[in-house]
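Understanding the architecture of this molecule
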Amino acid sequence: MSTAELPPELPPQPPPERPADPLADSRPGPPSAPQLAELQQALLDQGLRRLAITFVTHAGLPLVKVVPVTQLQVAGRWGVGFSPVSDAFRIDGVIDPGQRLARPDGDLRLLPDLAALRPLEPASGWAWAPGDRHDRDGQPYPADQRSFCRRQQQALAAQGVELRAGFELEWLVANPGPRGEAHPAMAGGPYGADRLVAALDYAAAITDALDAADLPWLQFHPEYGAGQFELSLAPGDPLAAADQLVAARLLIQRVTARFGWRCSFSPLPAAERVGNGGHVHVSVRCAGLPLLQGGDGPAGLTAAGAGVLGALLEQLPALLPLACPLGVSYRRLGPGRWSAPFQAWGVENREAALRLIPTGGDGAAAHLELKVADLAANPYLLLGALQAVIGDGLAHPRPLPDPVRGDPAALGSAAPARLPEDLGAASAAFAASPLLRQAMGAVLHDTLVDSQQAELRRCAGLDAEALVASTRWLPLGGDPSSG
Ligand code: GLU
Ligand code: MG
């Protein structure tokens, strides 16, 4: 986090109870015809001629429709059609008949959020905007992921609470072998300047592409695993952070393909290697004051900050299938893999699922890092749910256990609980969470459980090796059945 924040003078006060209606619609009204005409002309003047509009499905797949910018006055007001069946797609694109959204009927409108529109690849005339879905009468679609995140953000804002979030992306750059295996595309060791130099043109192209798309980034480096890289995006409000993650992934795919390589965001592209995380950093302010610093608690936590951290810790098992939605996600979550699979928090402890990073001499806000998350997660669902838990923790502070010190795996009988070790257990915790069900509404919650169960059915017949191979390349290749 780069935002400099001053320590508070007074401990923040917990906000009042959260609003009861989880589906209350608080979207801004549609843009007027003159506003759309003005935006359309401004885009055309910048050479932006095509607009890609995306949303991210229950399975974490970004789906897209493209409109000519000359049609913005229609598409910007009425959106583009999208069947609700798309949330029944599994990660491999197969429609699971057990998902209640696996129906041929109905239609939705995907409306671009023009406030979030940005260039995607301006040199070739591409713009991009994330979209929210509603029905033909303009009513919000209750299973829409981005609308859920927006509602949570607005509910917190109404209580004077502001979150800043930022994602770290890890990915593998490789060449597929004859059996689909992944051969790292370049030499170089963990965090190695030799790997950076081996891929210097690639690193320049990635960061140039981010700059051209107005995507602020903080850091880029070769990660631990062979052929693995990491990018830290700058923090923003939760909707902006999720949007930036979606756009950054598209650009990484685009640039990697230009080099003739393939990238994988799979939580675990190969059983013998480290996985790819999608860690998320979150700082919180309440009534203008930071919650995670300047208090009397451990590492400077305020009392309200401790109550929030306690709530996050309590809800971690229920949050897990949103952070780690694939069968293979749970192959990555093992001790010693820096994926932090313990239901514990720690100060600067990289094996605790919630790592508190206190404020430092640079003035950066104290923040939490959720290390378990991977890039199969739908970022809107994850950040929406994190906000719901944070709001609940402010209204109903939970007791906070002591921070874990050292490697939790080495603590023997004193070790904190492991998080659910498979998707089935995580999905059961999610299904049983009244907090998340209330925040999401029954339709979103039920259909997400359906998607988790569909992923479990996809994985059921696969042995350990086949499970990893089935999602080795994420996004998947042309043939869904072979990955
Ligand atoms: N690659 C590790 C993961 O799967 C994280 C490494 C690190 O950044 O600490 O999350
Ligand atoms: Mg990393």
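Up top is the structure.
Rules used throughout
- Residues numbered from 1 in each chain as written.
- Chains lettered and ligands numbered in written order.
- Predicted model: local features only at pLDDT ≥ 70, side-chain atom pairs only at ≥ 80, totals over all residues.
- Heavy atoms only, no water.
- Donors = N, O, S within 2.8 Å, 3.2 Å for Na, K, Ca; no water.
- Buried < 20%, exposed > 50% of the residue type's maximum accessible area, 1.4 Å probe, protein only.
- Pairing = 2+ DSSP bridges.
- Helix = DSSP H or I, 4+ residues; strand = E, 2+ residues; numbered from the N terminus.
- Near = heavy atom within 4 Å.
- Polar contact = N/O pair within 3.5 Å; in protein donor to acceptor, adjacent residues only side chain to side chain.
- Areas by Shrake-Rupley, 256 points an atom, 1.4 Å probe, with all protein chains shown as cover.
- Contact = heavy atoms within 4.5 Å.
- Core = buried A, V, L, I, M, F, W, Y, C linked by side-chain atoms within 4.5 Å.
- Phe/Tyr/Trp six-rings, centres within 6.5 Å; stacked < 30°, edge-to-face > 60°.
- Lys NZ or Arg CZ within 6 Å of the ring centre and 35° of its normal.

1. Considerations on the coordination of the magnesium ion (ligand 2)
Six octahedral donors at a metal ideally form angles of 90 or 180 degrees, and four tetrahedral donors ideally form angles of 109.5 degrees. The protein atoms that coordinate the magnesium ion (ligand 2) are Glu-170 (OE), Glu-223 (OE) and Glu-230 (OE), at distances spanning 2.0 to 2.1 Å. When the donor residues of the magnesium ion (ligand 2) are listed from N- to C-terminus, their spacing reads E-x52-E-x6-E. Owing to a relative accessible area of 5%, Glu-230 belongs among the buried residues under this scheme.

2. Brief notes about the pairing of strand E9 (residues 217-222)
Both faces of the sheet carry side chains from a regular strand, because those side chains alternate between them. The pairing of E9 with strand E10 (residues 228-233) spans five bridges and is classified as antiparallel. Across the sheet, the residue bridging to Phe-220 is Leu-231, located in E10. Linking two consecutive strands that pair antiparallel, namely E9 and E10, is a turn of five residues; a positive phi of about 70 degrees is found at Gly-227 within it.

3. Quick notes on the site of ligand 1
Every residue lining ligand 1 is accounted for by Glu-170, Glu-223, Glu-230, Gly-275, Asn-276, Gly-277, His-279, Arg-332, Arg-337, Trp-338 and Lys-371. For ligand 1, an oxygen atom lies 3.1 Å from a polar atom in the side chain of Glu-223. Between ligand 1 and Lys-371 there is a distance of 2.9 Å, counted from an oxygen atom to a side-chain nitrogen or oxygen. Considered on its own, ligand 1 offers 300 Å² of accessible surface; in the complex 91% of this is hidden by protein.

4. Digging into the environment of Phe-220
Position of Phe-220 among the secondary structure elements: in strand E9. Phe-220 gets classed as buried once you look at its relative accessible area, which sits at 16%. Counting along the chain gives 14 residues from Phe-220 to Ile-206, while the straight-line C-alpha distance between them is 9.4 Å. In this structure, Phe-220 is in contact with Trp-171, Leu-196, Ala-203, Ile-206, Thr-207, Phe-229, Glu-230 and Leu-231, ignoring residues within four places of it in sequence.

5. Observations concerning the nonpolar core
Among the nonpolar cores identified, the biggest contains 103 residues, and Leu-169, Trp-171, Tyr-202 and Leu-370 are the most heavily contacted of them. Sorting elements by how many residues they give to this core places helix H7 (residues 303-323) first, with 13 residues. Residue contacts for Tyr-202: discarding those within four places in its chain leaves Trp-171, Val-173, Phe-229, Ile-252, Val-255, Thr-256, Phe-259 and Trp-261. Leu-36, Leu-61, Val-468 and Leu-474 belong to the second-largest nonpolar core, a separate cluster that totals 30 residues.

6. Things to note about the packing of aromatic side chains
Inspection of every chain in the model, using the stated rule, returns nine aromatic pairs. Plain terms: the ring middles of Trp-171 and Phe-265 are 6.4 Å apart, the flat faces sit at 45 degrees to each other, and that makes the pair tilted. Linking Trp-171 in strand E7 (residues 161-176) with Phe-265 in the loop between strand E11 (262-264) and strand E12 (280-286), this pair joins segments that are 94 residues apart in sequence. Each member of the pair Trp-171 and Phe-265 is classed as buried. For the pair Tyr-202 and Phe-259, a centre-to-centre distance of 5.5 Å together with 85 degrees between the ring planes defines the contact as edge-to-face. Of this pair, Tyr-202 sits in helix H5 (residues 200-212) while Phe-259 sits in the loop between helix H6 (238-258) and E11, and the two are 57 residues apart along the sequence. For Phe-259, a relative accessible area of 29% corresponds to the partly exposed category. Taken together, Trp-171, Tyr-202, Phe-220, Phe-229, Phe-259, Trp-261 and Phe-265 form an aromatic cluster joined through their ring pairs. Across from the ring centre of Trp-78, 5.3 Å away, lies the NZ or CZ of Arg-77, which sits over that ring.

So far we have only geometry, and geometry alone does not tell us how the molecule works.
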